[in-house]
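Topology and contacts: notes
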Amino acid sequence: MDRTGYLSAVRRDGEALANTAEGNLALSVPTCPGWSVADLVWHVSGVHYFWRSIAERRLTEPAAVKHVEQPARPADGELIAWYRAGLGHLLAVLEGLDPATEVWTWAEPHDVSFIVRRMAHETAVHRWDADHAAGVSQPIEAELASDGIDEFFEYFDISRKEDAAPLGGTVHLHCTDVEGEWIVREDAAGDITIERRHEKGDAAMRGTASDLLLALWRRVGLPAIDVIGDVGVAERLIARQRL
């Protein structure tokens, strides 16, 4: 995906989250235990605020980032308006910056392009959380979800649980609706290696890009997708991350 696609996704999913949240703030969010929809909206607005502040202020040093303080949480009656204003501000900042602008990020690339991509995926998954809480079935857009699988393996698989069981085999993931295939292995050190290609694995996970991404984020269970071969290997892949 390109910058325009990511920014369009932030706008689309960000506005959809607000639309779903209106009138549903008191609902619990099953995929974020202990949170209400109001808590979810506040979390996303805080993430948007944090990364917007880094981009807008061109912060490049960790010490400066530590001083980005979240504003006080507004009352629930003001929360949606607060969120919408913050979403608009985030988009205005990101649309106005060269994606190559250097800023602090917790992984490469250390520039605004990282923020643009991260905000697209953060917003999309939490939009799905809100919809799910409200009983709405609306998958993550397929091309974005396929890219989200790439992003997950690039950045989030490194947070393996200390007590995670060895993978014990290879896993082939295959999107059924858009381009996207991955072969997943674990090396002797317990680190995951990913190749984006077709190869038979000890376990195969097949499904829409949205369902595969949501399974990796433990939003849906393995029954939501087709698992062929050694189901235990697929289960250990899903369970290994500290999310």
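What you see is a predicted model, and the numbers here were worked out from it, not measured in a lab.

Focus: helix H2 (residues 37-56)
Compared with an ideal rise of 1.5 Å per residue, which puts 20 residues at 28 Å, H2 spans 28 Å between its outermost C-alpha atoms and is within 8% of the ideal. Judged by how many residues are buried, H2 sits mostly within the fold: 15 of 20 residues are covered. Count one or two residues on from H2 and you reach Arg-58, which has phi positive near 55 degrees.

As for the pattern of salt bridges
All chains considered together, the criterion is met by 18 salt bridges. In this structure, Arg-73 and Asp-39 form a salt bridge, with 3.0 Å as the shortest nitrogen-oxygen distance. Of this pair, Arg-73 sits in the loop between helix H3 (62-65) and helix H4 (76-95) while Asp-39 is found in helix H2, placing the two residues 34 residues apart along the sequence. The shortest N-O distance in the salt bridge between Glu-186 and Arg-240 comes to 3.2 Å. Placement of the pair is Glu-186 in strand E2 (residues 181-186) and Arg-240 in the segment after helix H8 (231-239), with a sequence separation of 54 residues. Exposure remark for Glu-186: the relative accessible area of 23% places this residue in the partly exposed category. Overlapping salt bridges bring together Arg-12, Asp-13, Arg-127 and Asp-131 as one network.

Points about the sheet that holds E2
Strand order in the open sheet made by the five strands is E3-E2-E1-E4-E5, with mixed pairing throughout. Pairing within the sheet leaves two strands with one partner each, and these edge strands are strand E3 (192-195) and strand E5 (226-229). Pairs of neighbouring strands in the sheet enclose a mean axial angle of 20 degrees, with direction left out of account. Set on the sheet, helix H6 (residues 142-156) makes contact with strand E1 (171-175), E2 and E3; between it and E2 the angle comes to about 15 degrees.

Quick look at the environment of Arg-218
On the secondary structure map, Arg-218 appears in the loop between helix H7 (209-216) and E5. Each C-alpha atom of the pair Arg-218 and Leu-79 lies 27 Å from the other, and the pair is 139 residues apart in sequence. If we ignore the near neighbours within four places in the chain, the residues touching Arg-218 are Lys-161, Ile-238, Ala-239, Arg-240, Gln-241 and Leu-243. Here Ile-238 takes part through its backbone oxygen, which lies 2.7 Å from a polar atom of the side chain of Arg-218.

Digging into the packing of aromatic side chains
The geometry of an aromatic ring pair is captured by the separation of the ring centres together with the interplanar angle, meaning the angle of the planes. Under the counting rule described, the total for this entry stands at 12 aromatic pairs. With centroids separated by 5.8 Å and ring planes inclined at 80 degrees, the aromatic side chains of Phe-152 and Phe-153 adopt a geometry described as edge-to-face. Residue classification places Phe-153 among the buried positions, given a relative accessible area of 8%. By the ring-pair criterion, three or more aromatic residues cluster together here, those being Phe-50, Trp-51, Trp-104, Trp-106, Phe-114, Phe-152, Phe-153, Tyr-155, Phe-156 and Trp-217.

Digging into the pairing of strand E4 (residues 203-207)
Within E4, four of the five residues are buried, leaving the element largely enclosed by the surrounding structure. Note that E1 and E4 share five bridges and pair parallel. Residue His-172 lies in a different strand from E4, and its bridge partner there is Ala-204.

How each quantity is defined
- Residues numbered from 1 in each chain as written.
- Predicted model: local features only at pLDDT ≥ 70, side-chain atom pairs only at ≥ 80, totals over all residues.
- Heavy atoms only, no water.
- Helix = DSSP H or I, 4+ residues; strand = E, 2+ residues; numbered from the N terminus.
- Expected span 1.5 Å × (residues − 1).
- Buried < 20%, exposed > 50% of the residue type's maximum accessible area, 1.4 Å probe, protein only.
- Salt bridge = Lys/Arg side-chain N within 4 Å of Asp/Glu carboxyl O.
- Pairing = 2+ DSSP bridges.
- Axes fitted to C-alpha atoms, helices over the stretch in contact; angles between N-to-C directions.
- Contact = heavy atoms within 4.5 Å.
- Polar contact = N/O pair within 3.5 Å; in protein donor to acceptor, adjacent residues only side chain to side chain.
- Phe/Tyr/Trp six-rings, centres within 6.5 Å; stacked < 30°, edge-to-face > 60°.

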